[in-house]
Amino acid sequence: MELIQNTPDLSAYLVADDVIDHHHPRVRETAARLAEGVVDSYGYARAAYEFVRDTVPHSQDAGDPRVTWRASDVLELRTGICHAKAHALAALLRAEDIPTAFCYQSLLHDDDGGDGDGSGHVVHGLVAVRFNGAWHRQDCRGNKPGVDAQFSLDGERLAFAVDPQSNEVDCPVLYAEPHPVVLSALKAAPDRPHLWKTLPTAL
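Note that the coordinates shown come from a computational prediction; the quantities given were computed from them, not determined experimentally. Along each chain, residue indices are assigned from 1 in the same order as the chain's sequence is written. Totals for whole chains, interfaces and linings use all residues, but because this is a predicted model, local features are given only for residues with pLDDT of at least 70 and pairs of side-chain atoms are given and counted only at 80 or more. Side-chain measures here rest on the full set of heavy atoms in the structure, leaving out hydrogens and waters.

> Tell me about helix α2 (residues 41–55), and name the residues and values.
Helix numbers and strand numbers start at the N terminus; a helix is a DSSP run of H or I with at least 4 residues, a strand a run of E with at least 2. How far a helix is expected to stretch is found by multiplying one less than its residue total by 1.5 Å. Its 15 residues place the ends of α2 20 Å apart at the C-alpha level, agreeing with the 21 Å of an ideal helix rising 1.5 Å per residue. Among the residues of α2, those classed as buried are Tyr 44, Ala 45, Ala 48, Tyr 49, Phe 51, Val 52 and Arg 53. Any two residues whose heavy atoms approach within 4.5 Å are treated as being in contact. Considering only its buried residues, α2 is in contact with α1 (25–35), α4 (71–77), α5 (82–95), β3 (121–131) and β4 (134–138). N or O atoms within 3.5 Å of each other form a polar contact, as long as, within protein, one can give a hydrogen and the other can take it, and as long as residues adjacent in sequence are counted only when both atoms are side-chain atoms. Its side-chain oxygen placed 3.2 Å from the backbone nitrogen of Tyr 42, Asp 40 serves as the N-cap of α2. Only protein chains enter the area calculation, which uses a 1.4 Å probe; residues under 20% of their type maximum are buried, those over 50% are exposed, and those in between are partly exposed.

Structure (structure tokens):
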């Protein structure tokens, strides 16, 4: 699949805003700590990825009802669904000038938003990082039995592989900002049970 930037301006994938607030002290402090002991930007990107994947529990896995969406809040509260964790990872990567995009999959009864009856689709969020002139998708949702996502610049190691027979799809678009439909659902949800009912099924 060819990944397609939704803007040709690469600097758009480094921007800080109210969601990807990588100028926030919490983000800067975390980025500085992760940068210690790594030899290059590849090492930093892997460290940031593993930090978000492993130390910010996916709220579904942890049974946490809180909903987060701002990167600094995800790092402060240590909770979030796939989209929120992607926001946190993007902030950490952009804090060290690594271009980072948001990308999405439409999955059948994905555990980031499934309604429990095995029907329907939901949008799953991940990021893409740019190294050596190419984009590489990464999924930091968090591992568990049956899910073994890894940071990789040599072939994708995502949490979920799409099943075309189930009408699952990879969205090829690389967004410079979180998709507004996803962000609206996160911001409007008072808790995760409510969010499960309102997450978008498609973009």
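> Tell me about the pattern of salt bridges, and name the residues and values.
Here, a salt bridge means any Lys or Arg side-chain nitrogen found within 4 Å of an Asp or Glu carboxyl oxygen. Counted by the stated rule, this structure contains eleven salt bridges. Measuring nitrogen to oxygen at the nearest pair gives 3.2 Å for the salt bridge that ties Asp 73 to Arg 70. On the basis of relative accessible area, Asp 73 is assigned to the partly exposed category, the value being 29%. Because the salt bridges share partners, they merge into one network encompassing Asp 18, Arg 70 and Asp 73.

> Any details on the environment of Asn 6? Residues and values, ideally.
Inspection of the secondary structure assignment puts Asn 6 in the loop between β1 (4–5) and α1. Sequence separation between Asn 6 and Ala 101 is 95 residues; the distance between their C-alpha atoms is 9.6 Å. In contact with Asn 6, not counting residues within four places along its chain, are Tyr 13, Val 173, Leu 174, Tyr 175 and Ala 176. Polar contacts involving the side chain of Asn 6 include one to the main-chain amide nitrogen of Ala 176, which spans 3.3 Å.

> Tell me about α1, residues and numbers included.
Of the residues making up α1, those classed as buried are Val 27, Thr 30, Ala 31 and Leu 34. Buried residues of α1, seen end-on, are gathered within an arc of 100 degrees and therefore sit on one face of the element. On its buried face, α1 sits against α2, α4 and α5. Of the residues one or two after α1, Gly 37 is the one with positive phi, at around 85 degrees. What the arc describes is the spread of directions from the helix axis to the C-beta atoms.

> Account for the side chain of His 136, naming residues and giving values.
With respect to the helices, strands and loops of the structure, His 136 is situated in strand β4. According to the relative accessible area criterion, His 136 is buried, its value standing at 18%. With sequence-adjacent residues up to four places away left out, His 136 is seen in contact with Val 127, Ala 128, Val 129, Phe 131, Ser 152 and Leu 153.

> Which residues make up the side chain of Asp 139, and what values go with them?
As for its position among the elements, Asp 139 is in the loop between β4 and β5 (169–170). In this structure Asp 139 is buried but unpaired, with Arg 141 as the nearest side chain of opposite charge at 5.8 Å. A polar contact of 2.7 Å, which involves the side chain of Asp 139, links it to the side chain of His 124. For Asp 139, the side chain forms a polar contact with the main-chain nitrogen of Arg 141, separated by 3.0 Å. Setting aside anything within four residues of it in sequence, one finds Asp 139 in contact with Tyr 49, His 124, Gly 125, Leu 126, Ala 149, Leu 158, Ala 159 and Phe 160. For this count, His and the chain ends are skipped, Lys and Arg are scored as positive, and Asp and Glu as negative.

> Describe unusual backbone geometry, and please don't skip the residues or the numbers.
One non-glycine residue, Arg 78, lies in the positive phi region at around 55 degrees. Judged by relative accessible area, which is 33%, Arg 78 ranks as partly exposed. With phi around 60 degrees, Asp 97 is a residue other than glycine that occupies positive phi space. Residue position: Asp 97 is located in the loop between α5 and β2 (100–108). Judged by its relative accessible area of 62%, Asp 97 falls in the exposed class.

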